Every structure is written in structure tokens, then in C-alpha cells.
Amino acid sequence: SAVISQKPSRDICQRGTSLTIQCQVDSQVTMMFWYRQQPGQSLTLIATANQGSEATYESGFVIDKFPISRPNLTFSTLTVSNMSPEDSSIYLCSVRAGAGEKLFFGSGTQLSVL
Amino acid sequence: KQEVTQIPAALSVPEGENLVLNCSFTDSAIYNLQWFRQDPGKGLTSLLLIQSSQREQTSGRLNASLDKSSGRSTLYIAASQPGDSATYLCAVRSTSGTYKYIFGTGTRLKVLA
């Protein structure tokens with residue numbers, strides 16, 4: 001299994017500012033995944049973070065808006081840049097680990113943009 | 001393109017009832033399927049993982065089945081309790097050469113005391 005510490009758990013931000021979300025995993029993993037969950041919606045994959053290379057972004061998400069760092073095999077950050085109210089969502093980091101490559105999640109960051 | 005649907009979207013039951021949550025997927029070429037629980041404003045907790053070669057998995061009062069040919073999975077919760085109240089999500093990982101999971105829309109469950 002994998003235990004993921006994610007912070008902050010929630011934040012209220014002003015329009016035009018940026019927020020950086022951190023995830024720390026208790027074991028080394030090759031890939032870390034960042035998801036967004038808009039109010040009342042299911043999860044959408046933003047990007048996959050690999051250590052030592054650029055993150056891979058899904059359609060509709062760009063590096064300028066969601067820059068990602070992956071300095072080592074246990075840590076990653078996602079920044080939400082130049083925020084607008086439409087960015088209000090829960091952001092989640094995730095890894096695959098263990099038998100069957102089960103998906104494990106951090107506790108999520110609930111972001112509200114005013 | 002894989003699509004995952006969950007029915008019903010919401011469910012309210014009295015405590016003690018046995019219940020079934022449904023998950024349907026359009027592409028039967030899957031690697032595995034995972035069921036999660038999500039409490040309001042929180043992350044996801046993994047409940048059960050079913051590999052493509054398996055028909056079912058059990059954990060306590062939970063039982064998940066998989067029928068790849070019909071593109072369906074069910075999560076059975078026995079003797080439901082108020083603490084089971086949460087949103088339940090299924091996610092499918094396809095064998096199409098990617099590592100991505102596609103998530104369903106979720107079933108919001110409320111168990112009344």
C-alpha cells in the first residue's frame with residue numbers, strides 16, 4: 001500500500017493568485033497522478049508526473065496553468081496559476097502501488113477561488 | 001474511448017438493508033476495475049480491486065463482482081450502516097496501452113438510522 005500526505009487540505013484564494021499543492025508519498029513510485037474534481041463531478045486526470053522528465057498533460061490542461069514539479073520519487077507539487085472562480089475544485093494526487101497496482105489517493109485539497 | 005457510468009446517481013436506504021451499486025463500462029478490454037469511497041470534501045479510499053481475470057472480490061460486508069463481457073460491475077453492501085453514507089466511485093483501467101483510470105460519475109449513498 002501507499003500513504004500519501006497532501007497539503008493544504010483546503011484554501012480560499014483570491015482571483016489572479018497562485019496556489020501550490022504538495023504531495024508526499026511514504027514509498028518510491030515512478031508515476032504520480034494529479035486529478036481535478038469539480039463540484040458535483042467525477043475525477044478528471046490533469047497530468048502524470050514522472051521523476052526526471054516533464055509531466056504529461058491531458059487534453060484541456062496546459063503547463064502554464066498547472067505547472068508540476070517532481071524532484072524525487074516520493075514528492076510532487078501542482079501549482080494552480082492565475083486562478084479564477086472556475087478553478088474552484090478538489091485537487092487530488094494519486095499513485096499506483098502494491099499488488100495489482102491499486103490506486104491510492106491523498107486526502108485532497110479543496111480550493112475555493114473568490 | 002472508454003466511458004464509465006454509475007447507476008443510480010443517488011440512493012437513500014434505511015439502516016440494515018442490503019444494497020447494490022452498479023458500474024457500466026463501454027470497452028470490455030480492461031486491465032482492472034477499482035471501487036472507491038469518497039466522503040464529502042475528501043480524498044478517495046480504495047475499497048476493492050478486481051483484476052480482469054477475476055469474477056469477484058470480498059472485503060468484510062463488501063462484495064464486488066465483474067462481468068467483462070457485459071461491461072458491468074456491481075458493489076454489494078450487506079447490512080448497511082449510517083457510517084456507509086458516502087459517494088461510491090468505480091474506476092476502470094483499460095488495456096489500450098495507457099496507464100490511465102477512467103472514473104465513473106459516482107453513486108451518492110445515504111443510509112438512514
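Residues numbered from 1 in each chain as written. Chains lettered and ligands numbered in written order. Predicted model: local features only at pLDDT ≥ 70, side-chain atom pairs only at ≥ 80, totals over all residues. Heavy atoms only, no water.

Novice: Tell me about the overall build of chain A, and name the residues and values.
Specialist: Looking only at helices and strands, chain A features zero helices and eleven strands. Walking chain A from its N terminus toward its C terminus, one meets helices and strands in the order β-β-β-β-β-β-β-β-β-β-β. Computed over its C-alpha atoms, the radius of gyration of chain A comes to 13 Å, within 12% of the 13 Å expected for a compact globule of 114 residues. With respect to the three principal axes, the spread of C-alpha positions in chain A is 40 × 25 × 25 Å. Out of the 114 residues in chain A, the part that is buried amounts to 54%. On chain A, roughly 5300 Å² of surface is accessible, and the fraction owed to carbon and sulfur atoms is 48%. In chain A, 8 side chains carry a positive charge and 8 a negative one; their mean positions are 6 Å apart. (Helix = DSSP H or I, 4+ residues; strand = E, 2+ residues; numbered from the N terminus. Rg over C-alpha atoms; globule rule 2.2 N^0.38 Å. Buried < 20%, exposed > 50% of the residue type's maximum accessible area, 1.4 Å probe, protein only. Areas by Shrake-Rupley, 256 points an atom, 1.4 Å probe, with all protein chains shown as cover. Lys, Arg positive; Asp, Glu negative; His and termini not counted. Charge placed at Lys NZ, Arg CZ, Asp CG, Glu CD.)

Novice: Give me the lowdown on the interface of chain B and chain A, citing residues and values where you can.
Specialist: On the chain A side, the residues contacting the 20 residues of chain B number 23 residues. Of the roughly 1600 Å² buried between chain B and chain A, counting both surfaces, carbon and sulfur atoms make up 54%. Its largest share of buried area at the contact with chain A, chain B owes to Leu44, Tyr99 and Phe103 of chain B, together 32% of the area lost on that side. A salt bridge links Glu58 of chain A to Lys100 of chain B, with the nearest nitrogen and oxygen atoms 2.9 Å apart. Linking chain B with chain A are seven residue pairs in polar contact (both at pLDDT 80 or more). If you list the elements that add at least two residues to the side of chain B that touches chain A, you get strand S4 (30-38), strand S5 (44-51), strand S9 (86-94) and strand S10 (101-103) of chain B. Element by element, the count of residues in the side of chain B that touches chain A is highest for S4 of chain B, at five residues. Grouping the constituent residues of the side of chain B that touches chain A by class yields eight nonpolar, nine polar and three charged. (Contact = heavy atoms within 4.5 Å. Buried area = accessible area lost by both parts, 1.4 Å probe. Salt bridge = Lys/Arg side-chain N within 4 Å of Asp/Glu carboxyl O. Polar contact = N/O pair within 3.5 Å; in protein donor to acceptor, adjacent residues only side chain to side chain. Nonpolar A, V, L, I, M, F, W, Y, C, P; charged D, E, K, R; others polar.)

Novice: Before we move on, can you summarise the state of the cysteines with the specific residues and values?
Specialist: Within this structure, the stated rule accounts for two disulfides over all chains. Two residues share a disulfide in this structure: Cys23 of chain A and Cys93 of chain A, whose sulfurs sit 1.8 Å from each other. Its S-S torsion of about -85° marks the bond between Cys23 of chain A and Cys93 of chain A as left-handed, since a negative value means left-handed. Separated by 70 residues along the polypeptide, Cys23 of chain A in strand S3 (residues 19-25) and Cys93 of chain A in strand S9 (residues 89-97) bring together distant segments of the chain. This pair shows no difference in class: Cys23 of chain A is buried, exactly as Cys93 of chain A is. Between Cys23 of chain B and Cys90 of chain B runs a disulfide, and the two sulfur atoms are separated by 2.0 Å. As the torsion about the S-S bond is roughly 80°, the Cys23 of chain B-Cys90 of chain B disulfide counts as right-handed. One end of the pair, Cys23 of chain B, is in strand S3 (residues 19-25); the other, Cys90 of chain B, is in strand S9, with 67 residues separating them in the sequence. (Disulfide = S-S within 2.5 Å.)

Novice: For the pairing of S9 of chain A, give the residues involved together with the corresponding values.
Specialist: A regular strand carries its side chains on alternate faces of the sheet. Residue and element names in this part refer to chain A. Most of S9 sits out of view: nine of its nine residues are buried. The two faces of S9 match: Ser89, Tyr91, Cys93, Val95 and Ala97 on one face and Ile90, Leu92, Ser94 and Arg96 on the other face are all buried. Summarising the sheet, strand S4 (residues 31-37) and S9 pair through six bridges and their orientation is antiparallel. What sits directly across from Phe33, in S9, is Ser94. In terms of strand pairing, S9 meets strand S11 (residues 109-113) through three bridges, oriented antiparallel. Paired with Ser89 across the bridge in S11 is Leu111. What sits between S9 and strand S10 (residues 102-105) in their antiparallel hairpin is a turn of four residues, with Gly98 showing a positive phi close to 75°. (Pairing = 2+ DSSP bridges.)

Novice: Could you give me a rundown of the sheet that holds strand S1 (residues 4-7) of chain B, with the residues and numbers involved?
Specialist: All names here are of chain B. Pairing is antiparallel in the open sheet, where five strands are placed in the order S1-S3-S8-S7-S6. With partners counted over all chains shown, the strands left at the sheet margins are S1 and strand S6 (56-59), one partner each. If you compare each strand with its neighbour and ignore which way they point, the axes differ by 15° on average. Pairing geometry for strand S7 (residues 62-67) and strand S8 (residues 72-77), over six bridges, is antiparallel. (Axes fitted to C-alpha atoms, helices over the stretch in contact; angles between N-to-C directions.)

Novice: Give a description of the pairing of S10 of chain A that names residues and reports values.
Specialist: Bridge count between S9 of chain A and S10 of chain A: four bridges; the pairing is antiparallel. Counterpart to Ser94 of chain A in the pairing with S10 of chain A is Phe105 of chain A.

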